[in-house]
Amino acid sequence: MKKIYLIMILFFAIASGVFAQTANIVTLTLKAKSGEAEAQNALGEAYYDGKGVTENLTEAVKWYKKAAFQENAKAQNNLGICYYYGNGVEEDRKEALKWYTRAAEQGNADAQNSLGYSYEYGEGVDKNLKEAVKWYTKAAEQGLPLAQCNLGICYEYGNGVEKNLEETIKWYTKAANQEYAKAQYLLGKAYDKGEGVAKNDSEAMKWYLKAVKNNSPEAAYYYGGMLLEGNKQKG
């Protein structure tokens, strides 16, 4: 009897959650249809992620467009992503660049980073490393860890900017402190090799381990190597 009672409680809890999600989507749809840009973007995200509704990328694009044409920066960035990957629309890197640019010019950090990437690798536009650095910097200064790491790489190799390992370490550290695995791995490697900072095995292992915990296979390789080397020296 107790088991049946628990099952009933679980059933009603799930049913209540589903009802709440459905009610939320109905409200969101009404607001979106009335022309509210934030609601249109949110509804697009719901269809894109399949939250509260069945995933429908074509429907997501439809609502992203409505909000994007109202200059909603989040929607413009989301629409750019759809065009970049061909999600719910035919892949078109030039169209992706157009929407990234519109969102980036409004200060959207994710779009600024994506725009930087487009210029760095010539996606939908001629390759321009200086322009890439410009947009990475704007996003990095807003605290976006992916952009901070990308900017650090540019400084490390002198891509679009004068090589500066101190700047590299600065930006890797900012991203690493936000738990961005790639930056943690690269920072560990910098301490491991003594590049841009004094060689420091304990700092290297600290950052490699943090990256390993964030699922970095590269960091796992180097961390394992340092452990083996330490055991050899002890032996």
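Remember, predicted model here, so these are calculated numbers, not experimental data.

Caption draft 1: Broad picture of the packing of aromatic side chains. By the definition in use, this model includes eight aromatic pairs. Ring centres of Tyr48 and Tyr64 lie 6.3 Å apart, and the angle between their planes is 45°; this geometry places the pair in the tilted category. Of the two residues, Tyr48 sits in helix 2 (residues 37-49) while Tyr64 sits in helix 3 (residues 57-68), which places them 16 residues apart along the sequence. Relative accessible area serves as the criterion here: at 23%, Tyr48 is assigned to the partly exposed category. Residue class for Tyr64 comes out buried when judged on its relative accessible area of 3%.

Caption draft 2: Structural context of helix 11 (residues 201-213). Between its first and last C-alpha atoms helix 11 spans 18 Å; for 13 residues at 1.5 Å apiece the expected length is 18 Å, and the two agree. Every buried residue belonging to helix 11 is among Ala204, Trp207, Tyr208 and Ala211, and all of these are buried. For helix 11, the buried positions fall inside an angular range of 105° around the axis, keeping them on one side. Projecting away from the buried face of helix 11 at angles above 90 degrees are the exposed residues Ser202 and Lys213. Remark: Asn215 follows helix 11 within two positions and exhibits a positive phi of approximately 70°.

Cut-offs applied
Residues numbered from 1 in each chain as written. Predicted model: local features only at pLDDT ≥ 70, side-chain atom pairs only at ≥ 80, totals over all residues. Heavy atoms only, no water. Phe/Tyr/Trp six-rings, centres within 6.5 Å; stacked < 30°, edge-to-face > 60°. Helix = DSSP H or I, 4+ residues; strand = E, 2+ residues; numbered from the N terminus. Buried < 20%, exposed > 50% of the residue type's maximum accessible area, 1.4 Å probe, protein only. Expected span 1.5 Å × (residues − 1). Arc of directions from axis to C-beta.

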